[in-house]
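Examining the three-dimensional arrangement
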Amino acid sequence: MAKIPEKELMFQGTTACPGCGAGNAMRYVLKALGKNTIINIPACCWAVIPGVYPSRNLDIPLLYNAFEATGAASSGVRAALNAKGIDPREITVAGFAGDGGTADIGIQALSGCVERGTDTIQIMYDNEAYMNTGIQRSGETPYGAWTTTTPVGSEKAWKKNPKKNMMEIMNAHGIPYTATVSIAYPEIMIEKIQKAKDIPGPKFIHIYAPCPTGWRSDPSDTVKLAKLAFETCVFPLYEIENGVYNIYKKPKKKVPVRDYLKLQGRFRHLPTEEVELIQENVDREWELLQKKEKFTKE
Amino acid sequence: MSEMKIVSGNFAAAYGAKLSRVEVVAAYPITPQTEVVEKIAELVSNGEMDSEYVKVESEHSAMAACIAASNAGARAYTASSAHGLALMHELLIWASGARLPVVMTNINRAMGPPWSVWADHHDTLAQKGTGQLQFFCENNQEVLDSVIMAFKICEDADIMLPAMVVEDAFILSHTKEPVEIYDQELVDEFLPPYDPEYKLDVERPFGFGSLGMPDWYMDFRYKIAEAFEKAPEKIEKVNKEFTEIFGNDNGGLIEEYKTDGVDVLIVTMGSISSTSKDVIDELRKEGHNVGLARLRTFRPFPVEKFREITKGVNVVGVMDRSYTFGHGGDAAREIKDALYGHRDLILKDYIVGLGGRDLTPKILKNIMLDAISLQDKGLDKEIEWVDLRINQERWRR
Amino acid sequence: MQRPLNRLTTKLEVRRLSKEEVYRIVIDPKDHRDVPLTLITDCPSYLMTKTGSWRTLRPIVDNEKCIKCGICWKFCPDVSIHVKEDGAEVDYDFCKGCGICAKECPVDAIVMEKEEDYV
């Protein structure tokens, strides 16, 4: 397992909320990618976390771009570097967008970027809602969650749609590498991102990044929640390399989803039968994933 | 060696990009711009053009990719039209806010609905507030020339703004004319490689485009205003230099055609100017003291220049090939704005040729005669829609 | 024309200055012509934002218990706890008091106390 590089490319003085999972997501990403990286960030929490002009909290060049434009911006930077004869293995171009900027408004540019074969790493730090604008539901908000646009009212309550599966969407593009990683396991996260960095072509990384503010959880529970998401199989850790699935870390014993949900205020309203329904869904998805692994490895 | 080729306006744009040694092209096809991107694709495929061509999935991404490439220090170019341009809107402002000299060719096409692919300036003029320099071309040579000049103007350290070189749908985009394709070495001398002071650089890890609080935002907007103030002089200077090297004078801010001491001044933009010049000749032969000003640069708007050329003029007749919903055409509005408090004259706005409606010499002559007649009868109507179904008899007779 | 860009990044001793001093001296020119044409951020965030003031809970390390495993450093989203020779040391200038270090510490060497007791 990769050791965590000592060198910090993210400075202190970030304006992220206390206990922010996205803060560590960026920190580990930069530790993995190193200094020779250019990063594109759309509108998202990370457009604000570096601070206001003239503050910067990354020790690498950062290009802020429009909300829906990260994939296109990555293609543009990569094209400019190509034109100047700078090899993709020499300088890494990465897109770093939230779940909205990746899976919702940014999905078109992202799809175009990887379909064109841009040699880049597109990273989604997933905090499961539009957190920067104040916790509105996104395509990555899970079933059952409260958000400010899926409030728990007397007539209608919570989000009734499932979470969009970005790993499958990206894999359907036929790209060489996609992986889920979690801030609870930085060593593996860094290893997987470094692996992606060395693979030519478009890569996609899905980072699980809890948001205490939006999930109505205690800031100190951020890492614990990320661990529970893995142990409950809510967020399995796997990679897809050239179509072959590999669940690279499997929980020794599956923890009930209830344990994960109860730490978060956004699920507080759920009646027992709904929790059971979520458990059933998680079980089914986990089963399916294992079958995919078995099938593609054979 | 320069060489004459018979090419369409679209090919002229592509050759302009090639001669400018554009490093990154990102574009998405739309009628009637497709030939620009097809030609560039062909030139790149044949190794005749050394550019990275990013085949984006939308116009929004086209401009986003150009912005990013320009931020990374590359000369970037795109082309679009109408709805594609409208989709780019957010990023047109982004490019100017980020002070990036991205140059694009826009083929002027009407906005739908009703769906229309024909000439109309509405698409371009709807983007007049986005911080783009806007150059309206009269012929295919000018399209090629303007692409090269636009890079030179925009990359000036005092300007650093994006630009649109625009040509009328089909009338220029698909009509072939003889165009001089200049010697590459001569162009290289005129247009040195793009080398911005700041760019994405791992050795200087800065952030580009962060959040600006109210204590700074306004000052950065003022910096753009300063660039626009300097731009007219820069445009004239570059045009002069271009004329000296390549022998083609495209008119800089405004091309004046027989404007000395005229009583009536006709203002046109784009492709109708050529026909209008013939009509001016005809009217002058008939004894009318009339001249033509071709408004070539719409942004920055040549305010001073308009004041200068309207000295002693009684009537200004403006032909607007666009209708700004709500109140007439853009050119007339802006000219009035420039002349307010400076000139006491009659100004009439003629809305003409929308959605590609044909403008024959006959119609143009009738418009000019109408403008001339205002000298005696005074202003009858501020805004006149020409050649509608209800009044065709009058304008076509 | 004196441009402040990149001056700070090479002069890290400025770190001793307060935010207000830094801002007055190098970042807040009175003339807009003294900065590049567009917003280019160059000032390290630790010179501008001292996030320690956000804290309501204060991590207190018991270095008798500390085994110097580095888990607190690993998980700190604000890069504000470091393992040194004598044990873990919190950088109270920047620590926001989220408590992840205390929760993840395998030997419970860190406790969260009320910040108001320390002000």
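For the structure, see preceding data.
Below, the structure is looked at part by part. For clarity, every value in this text was computed on a predicted model and none was experimentally measured. (Residues numbered from 1 in each chain as written. Chains lettered and ligands numbered in written order. Predicted model: local features only at pLDDT ≥ 70, side-chain atom pairs only at ≥ 80, totals over all residues. Heavy atoms only, no water.)

Once that is clear, we can look at the overall build of chain C. Along the backbone of chain C there are 5 helices and 6 strands. Going from N to C terminus, chain C has its helices and strands arranged as α-α-β-β-α-β-α-β-β-α-β. Accessible surface, chain C as shown: approximately 6400 Å² in total, 49% of it carbon and sulfur. (Helix = DSSP H or I, 4+ residues; strand = E, 2+ residues; numbered from the N terminus. Areas by Shrake-Rupley, 256 points an atom, 1.4 Å probe, with all protein chains shown as cover.)

Residues and elements named next belong to chain A. Its place among the elements puts Thr-133 in the loop between β5 (121-126) and α6 (166-171). Remark: the alpha-carbon pair of Thr-133 and Cys-44, spanning 89 residues in sequence, is separated by 8.2 Å. Looking at Thr-133, its side chain comes within polar contact range of the main-chain oxygen of Tyr-130, at 3.4 Å. (Polar contact = N/O pair within 3.5 Å; in protein donor to acceptor, adjacent residues only side chain to side chain.)

Here we take up the sheet that holds strand β4 (residues 92-98) of chain A. Within the open sheet, the 10 strands sit side by side as β9(A)-β8(A)-β6(A)-β7(A)-β5(A)-β4(A)-β1(A)-β3(A)-β9(B)-β1(C). Their pairing is mixed. Each edge of the open sheet is held by one strand with a lone partner, namely β9 (244-249) of chain A together with β1 (40-41) of chain C. Relative to β4(A), strand β1 (residues 37-41) of chain A runs parallel, the two being bridged by 4 bridges. Counterpart to A:Thr37 in the pairing with β4(A) is A:Thr92. (Pairing = 2+ DSSP bridges.)

Residues and elements named next belong to chain A. Packing of helix α1 (residues 21-33) against helix α7 (residues 186-198) leaves a shortest axis separation of 8 Å and a crossing angle of 50°. For the element pair α1 / α7, the angle class is oblique. Note that α1 runs across α7; the crossing there is right-handed. The segment α1 lies against α7, with Ala-25, Tyr-28, Val-29, Lys-31, Ala-32 and Leu-33 engaging Pro-186, Met-189, Ile-190, Ile-193, Gln-194 and Lys-197. Here the contact of α1 with α7 is composed, by residue class, of 9 nonpolar, 1 polar and 2 charged. (Axes fitted to C-alpha atoms, helices over the stretch in contact; angles between N-to-C directions. Parallel < 35°, antiparallel > 145°, perpendicular 65-115°, else oblique. Left-handed = near helix turned anticlockwise from the far one by under 90°. Contact = heavy atoms within 4.5 Å. Nonpolar A, V, L, I, M, F, W, Y, C, P; charged D, E, K, R; others polar.)

Looking now at the packing of aromatic side chains. Counted by the stated rule, this structure contains 22 aromatic pairs over all chains. Here A:Tyr53 and B:Phe220 contribute two aromatic rings whose centre-to-centre distance is 5.3 Å and whose plane-to-plane angle is 85°, an arrangement assigned as edge-to-face. Of the two residues, A:Tyr53 sits in the loop between α2 (45-48) and β2 (55-56) while B:Phe220 sits in helix α8 (residues 214-246), which places them in two different chains. Look at A:Tyr53 and you get buried, because its relative accessible area is 6%. What makes B:Phe220 buried here is its relative accessible area of 5%. Through pairs of rings, three or more aromatic residues link up here, namely B:Phe136, B:Phe298, B:Phe301 and B:Phe306. Its guanidinium or amino end placed over the ring of C:Trp73, A:Arg27 lies 5.2 Å from that ring's centre, counting from NZ or CZ. The side chain of B:Lys152 reaches across the aromatic face of B:Phe190, ending 4.8 Å from its centre. (Phe/Tyr/Trp six-rings, centres within 6.5 Å; stacked < 30°, edge-to-face > 60°. Buried < 20%, exposed > 50% of the residue type's maximum accessible area, 1.4 Å probe, protein only. Lys NZ or Arg CZ within 6 Å of the ring centre and 35° of its normal.)

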